Amino acid sequence: MNRPLAHYCHLMISERMPKLMIWCYDNRRTVLPFITLAVMLLIWELTARYSGWSPHVFPSPSKVVYSMGELIANGALLRHSIASLFRVTVGFYLAVIFAIPLGIFLGRMEIFNLMLNPLIQFLRPISPLAWIPLAVLWFGIGDKPAVFLIFLSCFFPSCGGHGDSGSCHLIRFFFQVAANFKFNHWETITKIILPAIMPNVLTALRLTMGIGWLVVVAAEMLAVRSGLGYLILDSRNALRMDYVMVGMMMIGLLGIVLDELMRRLVHLHPSLQRPY
Amino acid sequence: MGHILIQDVCKSYKNRRLERRGPHDLYQPNEMMHVLDHISLEFLEGEMVCLLGPSGCGKSTLLRIIAGFDTPASGEVTIDGEKVRGPSPHHIFVFQHSGLLPWMTVWQNVELGVRNVGDVRARGEIIQENIDMVDLTGFEQHYPYQLSGGMQRRAELARALAANPDVLIMDEPFNGLDFLSHMKIREEIVNMHELLRKTTLVVTHDIDDALLMGDRVVVMSGRPAQVTLNRQLDFPHPRDPKKNTVLGDARDELFLMLGVSYAI
Ligand SMILES: Nc1ncnc2c1ncn2[C@@H]1O[C@H](COP(=O)(O)OP(=O)(O)OP(=O)(O)O)[C@@H](O)[C@H]1O
Ligand SMILES: [Mg+2]
């Protein structure tokens, strides 16, 4: 007997149980994460209070929440978050605009694929952070080097992958359908290639967005004076670990939101579902 | 329309890679594998032709050549006196596995068949007519993954018919269907053929399919494939080999020919 856990949970639930527990069971998808969160916060709070560390080194969650209130009140948190989101968005879009057509092109043209693929494979494993010195040298200070780094970090993950799918067996088979109904080149691209690779592309974009969000923090520790990365660096210099933690929390929260948005994109339209 | 002449068609594939098919046969690189060996056939206008043959003998290959997806090594295929030079909406191929585009609804898929019809209203009518014909009314806005295997097969049939081709080429249209869907779609294809009289080529593994559907049955031998039987079946539909003794004899003969001596 291999019944799902839910089956046994239902068996355990009876009329005699308190209403609250039934409510918790019905909303377990929200309740359980909050239980974890509460336990974590409790452990954190207790450690901060009784470990003997100074609150300047290891601030308690209540202190961090209080500081977050401060940063929200004076507008700094909003300003820095917007700055980071702006850089990620610009770098991400620039990368996607170049990388996806390139990926499709390479998938279609074997010669260029053979020529460019080694270069891409060579550049891909170089961490975007290794480009920091060059980025600053080339683009000076301000948004540009940061956007450049995000562009780099987003470019490779979004041009690979579906490049190969252009020649995969399934697509070749759809090309035959296209040929049978006399599609021209443009229709082959818009009605066959793009829809065929779209689910893969969206998954790749979700991954890419995550990487961009990782890199933006490092990029903002360069020559900029805004963004969550800058907030963290600046607060460290001021020895305000509570602000550092606020910055980290904000990065985590916005990261979840971005990922969720990208995940929803994949389920946006029934034409993105595949039977296989 | 739809007279097909296959003249002396040969086809061989190069085995580029070292391939292990069974425990003992290791294909040598660049060894030529002869698949079709001087195939000559003539299919008349409006005929329903059933192709039989052992698995891997080259039935799909022959169909692909007729459809223009593949070129023969020698010989040629002409349809209505015109040499086949590539895929075209005049001869529509229905694939061995579902050939519907998964990102399009049934309606949009069938619409592919009527791309040359200019008038939008006329186009819509043809689409609806064909969807109704294969009994998919009400499923116009469904995506292929929302349909059962048999419904997908019928949707593809509707798409092929909407193109109003001279020749309809079906590679194992009953592949992967349950028994009842098999029977129903076979009946639908027969009815469709009675109605429209399009030259239809059907590859099947099932001798009874061939006997019940075909105006002509062609049997191919194992690789390299040659035509071992090309026989017209002039019986009215619906047919029953159990009742019609001539058909029954033909059935026994076919089974013998394909290497089965005792068939139920
Ligand atoms: N693109 C290809 N490259 C190399 N060999 C091929 C290719 N396509 C088919 N073949 C070979 O040609 C032979 C005939 O293949 P084909 O698909 O026509 O067989 P079939 O009669 O349709 O078989 P089945 O009934 O199993 O579908 C097979 O042995 C197969 O290995
Ligand atoms: Mg086949």
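Everything numeric here is computed off the predicted structure, so don't read it as measured data.

Engineer: Even after reading the chapter, I still don't get the side chain of Thr200 of chain B, so can you show me in this structure?
Structural biologist: Residue and element names in this part refer to chain B. The topology assignment puts Thr200 in strand S10 (residues 199-203). Thr200 sits in the buried class, given a relative accessible area of 0%. Within the structure, Thr200 has its side chain in polar contact with the backbone oxygen of Lys198 (distance 2.8 Å). Aside from chain neighbours lying at most four places away, what touches Thr200 is Glu47, Met48, Val49, Leu168, Met170 and His193.

Engineer: Honestly, the site of ligand 1 in this entry has me stumped. Any pointers?
Structural biologist: Residues and elements named next belong to chain B. Within the structure, ligand 1 sits among 16 residues, and Ser55, Gly56, Ser60, Thr61 and Arg223 are positioned closest to it. At a separation of 2.8 Å, an oxygen atom of ligand 1 approaches a polar backbone atom of Lys59. In the environment of ligand 1, an oxygen atom lies 2.6 Å from a nitrogen or oxygen atom belonging to the side chain of Ser60. Mapped onto the shell around ligand 1, the elements with two or more residues apiece are strand S4 (31-43) and helix H1 (59-67). Top contributing element to the shell around ligand 1 by residue count: H1, with four residues. Residues that form the shell around ligand 1 fall into these classes: four nonpolar, seven polar and five charged.

Engineer: Help me understand the environment of Met151 of chain B in this model?
Structural biologist: All names here are of chain B. For Met151, the position within the fold is in helix H4 (residues 149-162). Taking C-alpha positions, Met151 is 8.9 Å from Ser181, a pair spaced 30 residues apart along the chain. Once residues lying within four places of it in the same chain are set aside, the contact partners of Met151 are Leu136 and Phe139.

Engineer: Any chance you could explain the nonpolar core here in plain terms?
Structural biologist: Most often, soluble globular proteins have nonpolar side chains that are buried together. Counting residues in each nonpolar core, the largest one holds 140 residues, and the members touching the most others are Ile6, Leu36, Ile189 and Leu201 of chain B. Of all the elements, helix H11 (residues 185-219) of chain A adds the most residues to this core, at 13 residues. If you count residues domain by domain, this core takes at least three from each of domain 1 (6-15 + 27-90 + 167-248) and domain 2 (104-164) of chain B. Leave out the neighbours within four places in its chain, and Leu36 of chain B touches Val9, Cys10, Lys11, Cys57, Gly58, Thr61, Leu62, Ile65, Met220 and Ala225 of chain B.

Engineer: Can you walk me through helix H5 (residues 179-196) of chain B in this structure?
Structural biologist: Residues and elements named next belong to chain B. Taking 1.5 Å as the rise per residue, H5 with 18 residues should run 26 Å; its terminal C-alpha atoms sit 26 Å apart, in good agreement. Within H5, the full set of buried residues consists of Ser181, His182, Ile185, Arg186, Glu188, Ile189, Val190, Met192 and His193. In this structure, the buried residues of H5 make contact with strand S5 (48-52), H4, strand S9 (167-171), S10 and helix H6 (207-213). Structurally, the start of H5 carries an N-cap: the backbone nitrogen of Leu180 is 3.2 Å from a side-chain oxygen of Asp178.

Engineer: Can you help me understand the domain arrangement of chain B in this one?
Structural biologist: Put simply, an interface is often sized by how much accessible area is lost when its parts join up. Residue and element names in this part refer to chain B. Assigned domains within chain B: domain 1 (6-15 + 27-90 + 167-248) and domain 2 (104-164). Summarising the inter-unit geometry, the C-alpha centres of domain 1 and domain 2 are found 25 Å apart. Contacts between domain 1 and domain 2 engage 15 residues on the former and 11 residues on the latter. Of the roughly 960 Å² buried between domain 1 and domain 2 on both sides combined, carbon and sulfur atoms contribute 69%. The tally of links between domain 1 and domain 2 comes to three residue pairs in polar contact (both at pLDDT 80 or more). Breaking the side of domain 1 that touches domain 2 down by element, the ones donating at least two residues are S9 and H5.

Engineer: Can you help me understand a nonpolar patch on the surface in this one?
Structural biologist: Residue and element names in this part refer to chain A. Taken together, the side chains of Phe105, Met109, Ile111, Phe112 and Met115 present a nonpolar region at the surface, about 490 Å² in accessible area. Broken down by element, the residue count for the nonpolar patch peaks at three residues, all from helix H6 (residues 110-123). Within the secondary structure layout, Met115 lies in helix H6.

Calculation rules
Residues numbered from 1 in each chain as written. Chains lettered and ligands numbered in written order. Predicted model: local features only at pLDDT ≥ 70, side-chain atom pairs only at ≥ 80, totals over all residues. Heavy atoms only, no water. Helix = DSSP H or I, 4+ residues; strand = E, 2+ residues; numbered from the N terminus. Buried < 20%, exposed > 50% of the residue type's maximum accessible area, 1.4 Å probe, protein only. Polar contact = N/O pair within 3.5 Å; in protein donor to acceptor, adjacent residues only side chain to side chain. Contact = heavy atoms within 4.5 Å. Near = heavy atom within 4 Å. Nonpolar A, V, L, I, M, F, W, Y, C, P; charged D, E, K, R; others polar. Core = buried A, V, L, I, M, F, W, Y, C linked by side-chain atoms within 4.5 Å. Domains from an automatic or database assignment. Expected span 1.5 Å × (residues − 1). Buried area = accessible area lost by both parts, 1.4 Å probe. Patch = residues over 30% accessible without salt bridge, like charges linked within 9 Å, V, L, I, M, F, W, Y side chains within 5 Å. Areas by Shrake-Rupley, 256 points an atom, 1.4 Å probe, with all protein chains shown as cover. Salt bridge = Lys/Arg side-chain N within 4 Å of Asp/Glu carboxyl O.

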